[in-house]
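Now for the letters of each chain:
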Amino acid sequence: MKKIKLDIVGLSYSQTQSGAYALVLGEVSGRRRLPIIIGSFEAQAIAIEIEKMTPSRPLTHDLFKSFAQAYSINIQEVIIYNLVDGIFYAKLICSDGKKTSEIDARTSDAIAMAVRFSCPIYTHEFILSTAGIVIEGNDFVYLENLSEPGEEKQAATGSVTNYTSLSTDELKNLLKDALNEEAYEKAAKIRDELNKRKAS
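Under an unreviewed UniProt entry, the protein chain has the name BFN domain-containing protein and belongs to Mucilaginibacter aquatilis.

Listed below in structure tokens is the structure:
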């Protein structure tokens, strides 16, 4: 069965499911997008690796990577191979150089591992045809900040720190504190503000 390569093109708080996040995967050579609802822990694990943050202690996915590397096991690819009743099924294709094995995994965990091993993510045509969305223009071609529900409302009332008003040094100190406290969602927002300043 032909495999279709996917990239991560969006990650944001889910507007439809409380306490969850929407991970959007995009067809590399096409306009279709595959939205997947994932939990907050897995969303943080993906975002932390994409943003190249260093948590104060290893997350579960970091521990698994260290364990695999200690035994010379490499993840070669991730395949989202099935969709049943709205649930995506994925597997990790792993090799130690001699033997290749397939390991079943939740899709969110599989993608968190894919970003750590820098391996490709694939799916099949029937999954994109069933659950994919065709996007016109450049919608979703960005990685959104992780945000808590109602945070925009809080920001309007001034109860959330406005990072744009702080100096770069203050932001760097806040980022260090957030990582030490394992407040990864806060760290992602601070890192985003620092990245904006570097780009301008």
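There is more to say, and it comes next.
Look at K52: it is not a glycine, yet its phi comes out positive at around 55°. Of note, K52 is situated in the loop between α1 (40–50) and α2 (60–70). Relative accessible area serves as the criterion here: at 58%, K52 is assigned to the exposed category. One non-glycine residue with positive phi stands out, namely D85, at about 50°.

Attention shifts here to the packing of aromatic side chains. Evaluation of the coordinates by the stated rule reveals 2 aromatic pairs. On the basis of an interplanar angle of 50° and a centroid distance of 5.3 Å, the ring pair of F67 and Y71 is categorised as tilted. With respect to burial, F67 and Y71 carry one shared label: exposed. Centroid distance Y81 to Y89: 6.5 Å. Interplanar angle 55°. Geometry classified as tilted. Overall, the relative accessible area of 32% leaves Y89 in the partly exposed class. Over the ring of Y122 we find K3, and its NZ or CZ is 4.6 Å from the ring centre. The cationic tip of K91 hangs over the ring face of Y81; the distance from NZ or CZ to the ring centre is 4.8 Å.

This next bit is on the pairing of strand β1 (residues 3–13). In this structure, β1 lies alongside strand β7 (residues 121–124), joined through 4 bridges in antiparallel fashion. Bridge pairing in β7 places L6 opposite I121. As paired strands, β1 and strand β2 (residues 20–27) are joined by 7 bridges and run antiparallel to one another. Residue pairing for β2: I8 is matched across the bridge by L25.

Rules behind the numbers
Residues numbered from 1 in each chain as written. Predicted model: local features only at pLDDT ≥ 70, side-chain atom pairs only at ≥ 80, totals over all residues. Heavy atoms only, no water. Helix = DSSP H or I, 4+ residues; strand = E, 2+ residues; numbered from the N terminus. Buried < 20%, exposed > 50% of the residue type's maximum accessible area, 1.4 Å probe, protein only. Phe/Tyr/Trp six-rings, centres within 6.5 Å; stacked < 30°, edge-to-face > 60°. Lys NZ or Arg CZ within 6 Å of the ring centre and 35° of its normal. Pairing = 2+ DSSP bridges.

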